[in-house]
Amino acid sequence: MIRYLFVRVLGALPTLLAIVTISFFLIRFAPGGPFDQARALPADVVANLNAAYGLDRPLWAQYATYLDDLAHGDFGPSFRYKDFSVTELIREGFPVSATLGAIAIALALAGGVGVGVVAALYRGRWIDHATVGLSVVAIAVPSFVLLPALGLLFGIELHWLPVAGWDPTSIRDYVLPVVTLCLPPLAYIARLTRASMIEVMRSAYVRTAFAKGLPMRTIVLRHALRPALIPVASYLAPAVAMTMTGSLVVETIAGLPGIGRYLVQGALNRDYTLVLGMVIVYSTLLISMGLVVDVLIAVLDPRVRLQA
Amino acid sequence: MNALADEAAARAGGLWRDALQRLRGSRAAIGAASALLLLIALAILGPYLNPNRYDAIDWSCLAMPPGLLHAHWWGTDPLGRDLFVRTLLGTRISLAVGLLATLVSLVVGIVYGAVAGYAGGSVDHLMMRVIEILSGLPLIFFVILLTVVFGRSEYLLFAAIGAIGWLTMARIVRGQAMAIREREFVEAAAAAGAGPVRILFRHVVPNVIGPVVVYAALTVPQIILFESFLSFLGLGIQEPQASLGTLIASGATEMESAPWMLLIPSAVLAILLISFHVLGDALRDALDVGEP
Amino acid sequence: MSREPILEVERLRVAYAGRGGQVEAVRDVSLRVDAGECVGIVGESGSGKTQLCLAVLGLLPPNARRDGVVRFAGAPGDAVRAVRGERIAMVFQDPQTALTPHLRIGTQMAEVLVHHRRVSGPAAREAARAMLAHVGISDPDRCLRRYPHELSGGMRQRVLIATSLLCEPQLLIADEPTTALDVTVQAQVLELLARLRRERRMAILLVSHDLAVVAGLAARIVVMYAGRVVEEAPADALFRGPRHPYTAALIACAPNPDGPIPARMATLPGQPPGATERFPGCPFVSRCDRAVERCRREDPAMVALDDGRRFACHAPLSA
């Protein structure tokens, strides 16, 4: 197991390097630079700035420097947030985004699996139809519609919850963003669980369990649930990706101080180091989720052997 | 061999007939299909039904609420532009992006998946490794980077979005191609001397149509959603053009003063997406294809 | 041997609502199993044998409709459901898929006793270990710790049989218990069932498509065709003189281990009618070489003889 994890982590490094390399050169091909502003700065000021940040050196030299800094845990200075390094921006914003995302994923998992199992067991009844119908709505309505709509309803009409603004001590500020973030993956997980649960309940081993005269509770919880969760486990990585995408929007709309806004802002502002930092954070997260998924599937199904 | 192939074709024909019958029996599918056809017709014809132009500014009607008694049925935005025309044109653009990008991902995915699945062995192994690595990446962020790098060309948007959609498609097609490769009519065709390319396109590709259609029906709404997402972030369609995403983005900022600016395009987008999803689900049930 | 019935099935029907109308999987089947007796059910695949077993145990899928009476040891109706897994147990066809893949054998076996007998976990495991040894597994302790995929097919079938025996049931329903196994393992499993019946005075309902499998074990044989019983007789009488042409054809198709090897195996041409097909006559008529005009018009009624035999045929073979 330890050996497996070690090999997998080692194997992820080249992938990460490739991502960094591609992103580094991609963003550099974009027209414009970090010091373009509505009112153009004098040419000598720009030249000075470029020199100060090392942007006047050959691209490959900058690339080498960047990798060297990276190897020492330094994401470099932000070009736009003048007094901050990218590392500082991430260190401040990441906990907010991660908390938001983790709560959303946890809720999506718990809620989705619960709803999916119930729908599968009551297949064809109203609760099943409601689940299937509502899940389509939850998947189809984009977060940037949902959050303003929820804000309109609970914030502006009912005055129950704050629409925007941020008070890290208040749990109420989390409610609408978390609900918005967790609904689409929750709906997906509910559908996946329902489909696989229906399949498993038809399987020969569940029939054996029934023939043994076991109570429904035992059959569902001990015999059926674990195999039914395998597709859900594989979906975790896409779910995290989905939540990341959602967080770009949700954090912007709700005005949360997470890192979601940095990627798009950074790309538009040509804040090269900030964009790269974001790409690295998100890629690392996704790649580790892939590893988590593989381990989880091996835990759920003893027939699966982890082979590096 | 011909008899076998004919039989396979006949079976496929029967499958489609059955599927169509089952679709007709599903009220949800009928409703979704009607809603879609109506929206498509409106998106194509609607803008001509109203005298306003999408970028014309009506100084007499700034931020006018919807109503049938004046010229702006669905109201105007604070710049006095007609929302009926803008929303329908936005729908047209969103639909076009969704369909074209799906087409791109279909073509790439089918060819890639069919080749990998049919070739098998080390070629398949290598091709699947590539997919595995690609799907582990935050591709959405690459699309964001791409749109920044190459400016805001709509065609590029199609291509970029389509380029991330093909991974799942390729996986589905590969699985099907591998299963079909072992079936007797393909073996019979190979025994009769048909070359691999011919077998691939005459026998394998037609047989993966079912799952592919289902997946495509579910991909279109995802891409529409993604396009609107990019537009919302200011990376997609640019003013004075509008897509549903840009309309919703501007609506969200006027939520308190002009809620219809948010509600109307949101409702259209939601109906569009839900219809596609319902139709895709119904197709999946009708064709008896599992969750991808 | 006393003739107290342990299972009585009367006019059992199982039907599914399909797209093309009702599908009748079991039509009007009646049979009885006495205590300690082994009854065989024989028929081609699709003749409704498995549906019959599932209906007896109340394990039909929710879209099935069941009519008729199933009585277990005198108790009527749903009482079967209450004794399922305890006094009446079932072994299924395919040992590859009939065990839960993610649970160790010990867990899957012990839970039966824990639930039905309210014994503690360790006691249940000990009982499971003893039962595994009893069904001929050489290292039961090791076996208890295994996952199903780590065992061979024969081992898995033994585990399933051992599990079904844990509560010492009065009736074991075995649906094709040997079909998925190698020939040598088949013989071992059948020998095991025979021994258990003798030792525990346990009734067995043995279901198979293979007359030879049933022949060695069952005292009475019920022949099913297209969802109904076409003939029933004591095993030796059935082999000596089948009355229904379908039984005769089955016997002719089965290789006789004692007789000479025939130059050409007999086969039964054609296929049984589809379950949705509606016809007024005998379901076997299209494949029957003795069919007369009446067979096409009228479904033959069951004729009961006083020696415990019965058959449904207008033109039976002579006794």
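As the structure is a prediction and not an experimental result, all values here were calculated from the model. (Residues numbered from 1 in each chain as written. Chains lettered and ligands numbered in written order. Predicted model: local features only at pLDDT ≥ 70, side-chain atom pairs only at ≥ 80, totals over all residues. Heavy atoms only, no water.)

Moving on: the overall build of chain C. Within chain C one finds 11 helices and 11 strands. Over its C-alpha trace chain C gives a radius of gyration of 20 Å, about what one expects of a compact globule, namely 20 Å for 319 residues. Taken along its principal axes, the extent of the C-alpha atoms in chain C is 65 × 45 × 40 Å. When each of the 319 residues of chain C is scored for burial, the buried share is 51%. (Helix = DSSP H or I, 4+ residues; strand = E, 2+ residues; numbered from the N terminus. Rg over C-alpha atoms; globule rule 2.2 N^0.38 Å. Buried < 20%, exposed > 50% of the residue type's maximum accessible area, 1.4 Å probe, protein only.)

Attention now goes to the overall build of chain A. Along the backbone of chain A there are 12 helices and zero strands. Listing the helices and strands of chain A from first to last along the sequence gives α-α-α-α-α-α-α-α-α-α-α-α. Its C-alpha atoms give chain A principal-axis dimensions of about 85 × 55 × 35 Å. Put simply, chain A has 308 residues, and 51% of those count as buried. Across chain A, every contact between residues at least 6 apart in sequence was considered, and the portion connecting residues at least 24 apart equals 73%. Measuring between centres, the 23 positive side-chain charges of chain A sit 18 Å from its 18 negative side-chain charges. (Contact = heavy atoms within 4.5 Å. Lys, Arg positive; Asp, Glu negative; His and termini not counted. Charge placed at Lys NZ, Arg CZ, Asp CG, Glu CD.)

Residue and element names in this part refer to chain B. Together, L100, L103, V107, V111, V115, V197 and F201 give the surface a local cluster of nonpolar side chains, amounting to about 600 Å² of exposed area. Contributions of two or more residues to the nonpolar patch are made by α3 (83-119) and α8 (196-207). Broken down by element, the residue count for the nonpolar patch peaks at five residues, all from α3. Along the chain, the position of L103 falls in helix α3. Overall, the relative accessible area of 48% leaves L103 in the partly exposed class. (Patch = residues over 30% accessible without salt bridge, like charges linked within 9 Å, V, L, I, M, F, W, Y side chains within 5 Å. Areas by Shrake-Rupley, 256 points an atom, 1.4 Å probe, with all protein chains shown as cover. Salt bridge = Lys/Arg side-chain N within 4 Å of Asp/Glu carboxyl O.)

Right, let's talk about the side chain of C:T247 for a bit. All names here are of chain C. Relative to the elements of secondary structure, T247 occurs in helix α10 (residues 245-253). Look at T247 and you get buried, because its relative accessible area is 1%. Not counting residues up to four positions away in its chain, the partners in contact with T247 are V223, E231, L238 and P242.

Residue and element names in this part refer to chain C. With mixed pairing, the eight strands of this open sheet are ordered in space as β5-β6-β7-β3-β8-β9-β11-β10. The sheet terminates laterally at β5 (88-91) and β10 (303-304), the two strands that pair on one side only. Of the strand pairs in this sheet, strand β6 (residues 171-175) and strand β7 (residues 203-208) are connected by five bridges, and their pairing is parallel. Paired with L171 across the strands is A203, a residue of β7. Along the sheet, α10 makes contact with β3 (38-42), β8 (220-225) and β9 (228-234), crossing β8 at roughly 105 degrees. (Pairing = 2+ DSSP bridges. Axes fitted to C-alpha atoms, helices over the stretch in contact; angles between N-to-C directions.)

The next thing to look at is the interface of chain B and chain A. Listed per partner, the contact involves 37 residues of chain B and 41 residues of chain A. Summed over both partners, the interface of chain B with chain A comes to about 3,300 Å²; 83% of that surface belongs to carbon and sulfur atoms. For the interface between chain B and chain A, the tally reads one residue pair in polar contact (both at pLDDT 80 or more). Per-element tally for the side of chain B that touches chain A: the top contributor is helix α11 (residues 260-287) of chain B, with 11 residues. Partitioning the side of chain B that touches chain A into residue classes produces 26 nonpolar, six polar and five charged. (Buried area = accessible area lost by both parts, 1.4 Å probe. Polar contact = N/O pair within 3.5 Å; in protein donor to acceptor, adjacent residues only side chain to side chain. Nonpolar A, V, L, I, M, F, W, Y, C, P; charged D, E, K, R; others polar.)

Residues and elements named next belong to chain A. Within the element layout of this structure, M242 appears in helix α10 (residues 230-254). We classify M242 as partly exposed; its relative accessible area is 27%. Sequence spacing of M242 and L181 is 61 residues, and the spatial spacing of their C-alpha atoms is 8.7 Å. Once residues lying within four places of it in the same chain are set aside, the contact partners of M242 are P184, P185, Y188 and Y235.

What follows deals with a positive patch on the surface. Residue and element names in this part refer to chain C. Taken together, the side chains of R104, R125, R142 and R145 make up a positively charged region of the molecular surface. Among the structural elements, R104 can be located in the loop between β5 and α3 (105-117). Residue R104 is classed as partly exposed on the basis of its relative accessible area, which comes to 38%.

This part takes up helix α9 (residues 216-228) of chain A. Here α9(A) contains 13 residues, and its C-alpha end-to-end distance of 16 Å is more than 12% below the 18 Å for a straight helix at 1.5 Å per residue. All buried positions along α9(A) are accounted for by A:T218, A:I219, A:V220, A:H223, A:A224, A:L225, A:P227 and A:A228. Packing partners of the buried residues in α9(A) comprise α4 (86-121), α7 (172-201), α8 (204-211) and α10 of chain A together with α3 of chain C. (Expected span 1.5 Å × (residues − 1).)

On to the confidence of the model for chain C. Residue and element names in this part refer to chain C. Chain-level pLDDT for chain C is 85 on average; 90% of the residues reach the 70-or-more range. When pLDDT is averaged over each helix and strand of chain C, the minimum, 76, is found for helix α2 (residues 79-83) and the maximum, 94, for helix α5 (residues 140-145). Scoring of the predicted complex yields 0.83 for pTM and 0.86 for ipTM. (pLDDT = per-residue confidence, 0-100.)

A few words on the side chain of A:T208. Along the polypeptide, A:T208 turns up in helix α8. You can call A:T208 buried: its relative accessible area is 8%. What A:T208 contacts, discounting residues up to four positions off in sequence, is C:F92, C:A98 and C:L160.

With that settled, consider the nonpolar core. Judged by nonpolar contacts, the single largest core of 124 residues is most densely connected at A:L248 and B:L230. Broken down by element, the residue count for this core peaks at 15 residues, all from helix α12 (residues 272-300) of chain A. Setting aside chain neighbours within four positions, we find B:L230 in contact with B:V143, B:I144, B:T147, B:L157, B:I161, B:L235 and B:G236. C:V26, C:F92, C:A226 and C:V285 belong to the second-largest nonpolar core, a separate cluster that totals 99 residues. (Core = buried A, V, L, I, M, F, W, Y, C linked by side-chain atoms within 4.5 Å.)

According to the stated counting rule, one finds four cavities of 30 Å³ or more in the structure shown. Reported here for the largest cavity is a volume of approximately 130 Å³. Across the lining of the largest cavity, the residue classes break down as seven nonpolar, five polar and one charged. In this structure, the second largest cavity spans a volume of roughly 70 Å³. Its residues placed into classes, the lining of the second largest cavity shows 11 nonpolar, two polar and no charged. (1 Å grid on protein atoms, 1.4 Å probe; cavity = no way out; pocket = protein on both sides within 12 Å on 5 of 7 lines; lining within 4 Å. Points joined across faces, edges and corners; volume = space filled by probe spheres on them.)

Residues and elements named next belong to chain C. Taken as a whole and assessed by the stated rule, the structure comprises zero disulfides over all chains. Looking at the unpaired C143, the closest cysteine sulfur is the one in C167, lying at 18 Å. Using a relative accessible area of 2% as the deciding quantity, one classes C143 as buried. Take C167: its relative accessible area is 2%, and that puts it in the buried class. (Disulfide = S-S within 2.5 Å.)

Another aspect to go through is helix α9 (residues 209-232) of chain B. All names here are of chain B. The end-to-end C-alpha distance of α9, which contains 24 residues, comes to 34 Å, matching closely the 34 Å that a straight helix rising 1.5 Å per residue would cover. In terms of residue burial, α9 counts as a mostly covered element, since 20 of its 24 residues are buried. Looking one or two residues past α9, G234 carries a phi angle of roughly 85 degrees, positive in sign.

This part is about the environment of A:V96. Residues and elements named next belong to chain A. Its location among the elements puts V96 in helix α4. The exposure class assigned to V96 is buried, which follows from its relative accessible area of 12%. In the structure, V96 is positioned 69 residues away from I27 in sequence and 26 Å away in space, judged by C-alpha atoms.

The next point concerns the pairing of β7(C). Residue and element names in this part refer to chain C. Counting buried residues along β7, six of its six residues qualify, which places the element largely inside the surrounding structure. Taking every second residue as pointing to the same face, both faces of β7 are buried, with A203, L205 and V207 on one and I204, L206 and S208 on the other. Following the chain from β6 across helix α7 (residues 183-200) to the adjacent parallel β7, one finds a crossover that is right-handed. (Right-handed = clockwise from strand over helix to strand, strands pointing away.)

Excluding glycine, residues mostly carry a negative phi; peptide bonds, for their part, are mostly trans. Residues and elements named next belong to chain C. Although it is not a glycine, R11 adopts a positive phi angle of roughly 45 degrees. Following the sequence through the fold, R11 ends up in strand β1 (residues 5-18). Judged by its relative accessible area of 55%, R11 falls in the exposed class.

The subject of this paragraph is the packing of aromatic side chains. Residues and elements named next belong to chain C. The full count for this structure, using the stated rule, is 10 aromatic pairs over all chains. The interplanar angle of 55 degrees and the centroid separation of 4.5 Å between the aromatic rings of Y225 and Y246 together place this pair among those described as tilted. Of this pair, Y225 sits in strand β8 while Y246 sits in helix α10, and the two are 21 residues apart along the sequence. Summarising the burial analysis for this pair, Y225 and Y246 share the class buried. Taking the centre distance of 5.2 Å and the plane angle of 70 degrees together, the rings of Y246 and F284 count as edge-to-face. (Phe/Tyr/Trp six-rings, centres within 6.5 Å; stacked < 30°, edge-to-face > 60°.)

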